[in-house]
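Summary of structural features
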Amino acid sequence: MNQKPSANRVFEIFKELNAVPRPSHHEERVAHYLCQFAERLHLDYDRDAQNCVVIRKPASPGHENAETIVLLNHMDMVCVGMNDPLNDPIEAIVDGDWMHARGTSLGADNGIGLSMALAVLENDDIPHPALEVITTTNEEDGMSGAAQLSPHFIKGRKVINLDSEDYDTITTGAAGACLQFHRLPCTRVAAPAHNYLWYDIAIDGGLGGHSGVDINKGRASAVMLLLQLLRTVDGARVATIRAGQANASIPSSARATVCLPAGIDARALQRDTNEQLQTVFAATDPSIRCTITPCQPQAEVINPEAVEALLTATAQVPQGVVKMSENMPGTVETSNNMGRIATEDDHIFVSTHTRSFVDDDMHALSARIAQAFAAVGGTSQVVMAAPAWQENQHSPFLRLTSDTFNDVLGWRPRMVAMHFVLEAGFFVQHYPGIEIASIGPRIVEPHSTSERVQLSTIHDIWQVLLELLARLAQ
């Protein structure tokens, strides 16, 4: 194999991307960046109403008869640790063989894969078939970009998805997912005037993480811990709740402003709660803590009936692994994550993210959760229902991908189905006959402030990608 271009340009493009705000639902600026990228290279491109962008590059000379290849990524990221995701910078820090961000998520999911695809477009010395580089929107919070793609947006039927986070695998399947938004009606009433004291309750320091990849690690959900705490305090009145940061993340922090009956010893409640946290989560979340501090009184609280409805409904909602797979040992089959809770003027908002490799089980669990909210007067909205996806691991395309790993890196990757959700299910629906291989560098703790990517694996996957494109061009 000939010497191939280094991954240096991949890192430069990733730095450019991280200077463009790209939280889910706000991808206009990064979509504009991609269109300008295509214009600079004089490449054909399309941008749809959802801000999904496809950039087309003709085959390199001599490979015009090869089948078109699609490179798939998403442009949005989960913004954790940012007070203002539309303006807060991402400061990437290199520490040995790893890159992370200072106090925020890094955006390696899926910024590194996108940077690889753009670097391929930019380099005219790389042999390749005709390429369609498609970048979707809102992958992290509903997959609405992929769900609404036109059946004519791409023509290729072989897809290299660069959104995998397990370096030593080819992802050949992914769980389906159902994201629901639940709303419980509430009103504001006058706060108790006597015999109550005001406090801010905070649960902080959880590791959080990806609600698919990390859901089987027994990590603390700050949302669930806050709800459990509120259930234990008789007579508590709630003014506000702001818990969780992203629907697809295990909540690492939660806050509530409450007034408690004067007879409750807040210091003892804090001490007892922390003793329990340190016992239960010593191995998984050693830094998680509860603080209960006095605060200024509020004029109004949520009506107690609405808070009781919240506590009743959420007590019926599972958090974490619901069922392990019998067919794929060690793999989570079905899970649920309560991502966010927020008190608004006229309702309490709750999000749940249900995943399963069995679509019927996913829909059944989602329906049971919706029924729990309906039983106390709430409403539920299905924001996203992504189908599960399973590729034929014996297809020539996947065999070629595996052989390329073996020839370039000297080892053969595992072929696995993962409990995270990929857009592949929607692509299979939209584009009959499509085949998908998902690869990527090693990304640890995505969707959290601990997100980091191993630099050497970026170099390796880059070399695999270039060789795979060269072979597909033959």
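So, a few notes on the structure that sits alongside this text. What you see is a predicted model, and the numbers here were worked out from it, not measured in a lab.

1. Points about the nonpolar core
Counting 61 residues, the largest nonpolar core has Met-116, Leu-118, Ile-160, Trp-462 and Leu-465 as the members making the most contacts within it. Top element by residues in this core is helix α11 (residues 455–472). It accounts for ten residues. Non-local contacts of Leu-465, meaning those with residues more than four positions away in its chain, are made with Leu-71, Met-116, Val-120, Ile-160 and Leu-162. Within the second largest apolar cluster, 45 residues are counted, among which are Leu-230, Val-238, Ala-243 and Phe-281.

2. Focus: the pairing of strand β6 (residues 131–136)
β6 sits mainly inside the fold: six of its six residues count as buried. Every second residue of β6 is oriented toward a common face, with Leu-131, Val-133 and Thr-135 on one face and Glu-132, Ile-134 and Thr-136 on the other, all of them buried. Judged from the five bridges that link them, strand β2 (residues 53–57) and β6 form a sheet pairing that is antiparallel. Residue pairing across strands places Val-53 opposite Thr-135, the latter belonging to β6. Inspection of the sheet shows strand β3 (residues 69–74) paired to β6 by six bridges, in the parallel sense. Pairing of Val-70 across the sheet is with Glu-132, part of β6.

3. Some details on the pattern of salt bridges
If you walk through the whole model with that rule in mind, you get 22 salt bridges. Arg-271 is paired through a salt bridge with Asp-272; the nearest N and O atoms lie 3.4 Å apart. For Asp-272, a relative accessible area of 40% corresponds to the partly exposed category. Here the salt bridges do not stand alone but share partners, grouping Arg-9, Glu-12, Glu-16, Arg-40 and Glu-122 into one network.

4. So, the sheet that holds strand β5 (residues 98–101)
The antiparallel open sheet is built from four strands, whose spatial order is β4-β5-β24-β23. In the strand order of this sheet, the two ends are held by β4 (92–95) and β23 (443–444), each with one partner. For β23 and strand β24 (residues 452–454), the ladder comprises two bridges, and the chain directions are antiparallel. Across the sheet, Val-444 pairs through a bridge with Arg-452, a residue of β24.

What counts and how
Residues numbered from 1 in each chain as written. Predicted model: local features only at pLDDT ≥ 70, side-chain atom pairs only at ≥ 80, totals over all residues. Heavy atoms only, no water. Core = buried A, V, L, I, M, F, W, Y, C linked by side-chain atoms within 4.5 Å. Buried < 20%, exposed > 50% of the residue type's maximum accessible area, 1.4 Å probe, protein only. Helix = DSSP H or I, 4+ residues; strand = E, 2+ residues; numbered from the N terminus. Contact = heavy atoms within 4.5 Å. Pairing = 2+ DSSP bridges. Salt bridge = Lys/Arg side-chain N within 4 Å of Asp/Glu carboxyl O.

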